[in-house]
Amino acid sequence: CEGSAKALTWPDEWTATTVDGKRSAQFEHTLLVTAEGVEALTGKNENSPLQFWEQESKVNSGIWLGTSTAAKTRQDDINAKLLGATKS
C-alpha cells in the first residue's frame, strides 16, 4: 500500500480500505478442507518471491500453505529455500 497499512471496514461490513484512503490491495486463498486439514490451492511455490511481511513475521515466517501434513511438508521445503536465500 502507498500509505497506512491500517485497515478500515465500511458500514456495509464488506468494503475494506486504508484509514488514509490511499491505494491498497488484498488477496485471498482458495482453500481445500479435508479430513486431514486445510490446503491453500492458490498457495505460493518455490519460484514465488517472499513479501516483506513473510520475511519479518514473528507469527509465521515464510509462506503458509495449509495445515495438512502434505501442505506442511511442501511449506517447510519451500521456506527452507526461500528463507535461506534471504539470509545470505
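The preceding data block contains the structure.
Note that the structure is predicted; figures quoted are calculated from it, not measured. (Residues numbered from 1 in each chain as written. Predicted model: local features only at pLDDT ≥ 70, side-chain atom pairs only at ≥ 80, totals over all residues. Heavy atoms only, no water.)

The next thing to look at is the overall build of the protein. In terms of helices and strands, the protein carries two helices and four strands. Starting at the N terminus and walking to the C terminus, you meet the elements of the protein as β-β-β-β-α-α. For a compact globule of 88 residues, the expected C-alpha radius of gyration is about 12 Å, and the protein comes in at 16 Å, more than 25% above that figure. Across its three principal axes, the protein shows a C-alpha extent of roughly 40 × 40 × 20 Å. Restricting the contact set of the protein to residue pairs at least 6 apart, pairs at least 24 apart contribute 32%. Summed over all atoms, the accessible surface of the protein reaches about 6800 Å², with 55% contributed by carbon and sulfur. Between the averaged position of the 9 positive side-chain charges in the protein and that of its 12 negative side-chain charges there is a distance of 7 Å. (Helix = DSSP H or I, 4+ residues; strand = E, 2+ residues; numbered from the N terminus. Rg over C-alpha atoms; globule rule 2.2 N^0.38 Å. Contact = heavy atoms within 4.5 Å. Areas by Shrake-Rupley, 256 points an atom, 1.4 Å probe, with all protein chains shown as cover. Lys, Arg positive; Asp, Glu negative; His and termini not counted. Charge placed at Lys NZ, Arg CZ, Asp CG, Glu CD.)

Let us now look at the side chain of Gln75. On the secondary structure map, Gln75 appears in helix α2 (residues 69-87). Given the relative accessible area of 9%, Gln75 is considered buried. Sequence-distant contacts of Gln75, that is, excluding residues within four places in its chain, are made with Asn60, Ile63, Trp64, Leu65 and Gly66. (Buried < 20%, exposed > 50% of the residue type's maximum accessible area, 1.4 Å probe, protein only.)

Bringing the environment of Lys6 into the picture now. Examined against the element boundaries, Lys6 turns out to sit in the segment before β1 (7-9). It is 6.0 Å that separates the C-alpha atoms of Lys6 and Val19, two residues lying 13 residues apart in sequence. Those residues in contact with Lys6, other than ones at most four positions away along the chain, are Thr17, Thr18 and Val19.

One non-glycine residue, Glu13, lies in positive phi territory at about 60 degrees. Turning to its location among the elements, Glu13 is positioned in the loop between β1 and β2 (16-18). Note on Glu13: relative accessible area 70%, which makes it exposed.

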